[in-house]
Amino acid sequence: MTLTDCEESACCNSMQPTLDQQESLAIGLALREAVWQAQEQGRLRCGVMECAQLLEIDPFNVMMCVMPVSGPDDVSGIIERTLIEAFCHEYQIRLIKVDSVNKLRKVLEGREGTARAAPSPAETGLPPLVATPNATQVPTSTATPLWELCRCVLVQYPESGEASEEEETVAQHYKKTTVVGHEDNFSAVVALPDD
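Attention in this report is confined to the structure presented alongside it. (Residues numbered from 1 in each chain as written. Predicted model: local features only at pLDDT ≥ 70, side-chain atom pairs only at ≥ 80, totals over all residues. Heavy atoms only, no water.)

## Notes on the overall build of the chain
Here is step 1: Secondary structure summary: the chain contains eight helices and five strands in total.
Here is step 2: In the chain, the order of α-helices and β-strands from amino to carboxyl end is α-α-β-α-β-α-β-α-α-α-β-α-β.
Here is step 3: For the chain, with 195 residues in total, the buried portion stands at 40%.
Here is step 4: Counted over contacts in the chain with a minimum sequence separation of 6, partners at least 24 positions apart contribute 78%. (Helix = DSSP H or I, 4+ residues; strand = E, 2+ residues; numbered from the N terminus. Buried < 20%, exposed > 50% of the residue type's maximum accessible area, 1.4 Å probe, protein only. Contact = heavy atoms within 4.5 Å.)

## A word on the environment of Gly28
Here is step 1: Tracing the chain through its elements places Gly28 in helix H2 (residues 19-40).
Here is step 2: With a relative accessible area of 0%, Gly28 lands in the buried category.
Here is step 3: In this structure the C-alpha to C-alpha distance between Gly28 and Asp99, which are 71 residues apart in sequence, comes to 9.7 Å.
Here is step 4: In this view, Gly28 contacts Val190, Ala191, Leu192 and Pro193; residues no more than four positions away in its chain are not counted.

## Things to note about the sheet that holds strand S4 (residues 153-156)
Here is step 1: If you trace the five strands from one edge of the open sheet to the other, you get S1-S4-S2-S3-S5, paired in mixed fashion. The open sheet terminates on both sides in strands that have one partner only, identified here as strand S1 (44-46) and strand S5 (189-190).
Here is step 2: Helix-sheet contacts for helix H8 (residues 165-177) involve strand S2 (62-68), strand S3 (94-98), S4 and S5, and the interaxial angle to S3 is about 95°. (Pairing = 2+ DSSP bridges. Axes fitted to C-alpha atoms, helices over the stretch in contact; angles between N-to-C directions.)

Read these as spatial facts, not as claims about activity.
Structural data, given as structure tokens:
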């Protein structure tokens, strides 16, 4: 078989993932685990309003902001994304963009068998369907648009001050893929696992 034959055949498109695919999968798995750990420890905020409140009060306690790479096409959604990205840039909060809002929603639903229902609005004093720091599962409702909960997700630093191995992996990926002084041009997108 010649090089030309190989290029034209399907044998060159091996079933083995390339190093980039393997690295992307590892980062996606680490990010998913980091989000789950934050949920279980009450360090996760979901939704633009909930995140904006935390960013206003305590931006230096935010480890990372996770947002889907694509967002709503309406003007208000675009403005929200732009403002959140600018805020993260100003306060040097790691902005991690993920490949799919649907995958992010699945991650936010929690680990199988360990998720519990979020506190009721009466218990939290917050509007319905907003994740709270004590919730380990994002409320799901067919009446709630997908973007209401997934357009911004904040992970706070652990109280112990020590990040988990998965959080360190995501932080190293961010550092490696972000050019100093050009954080606003961040282009690496983390592929979350399908399952």
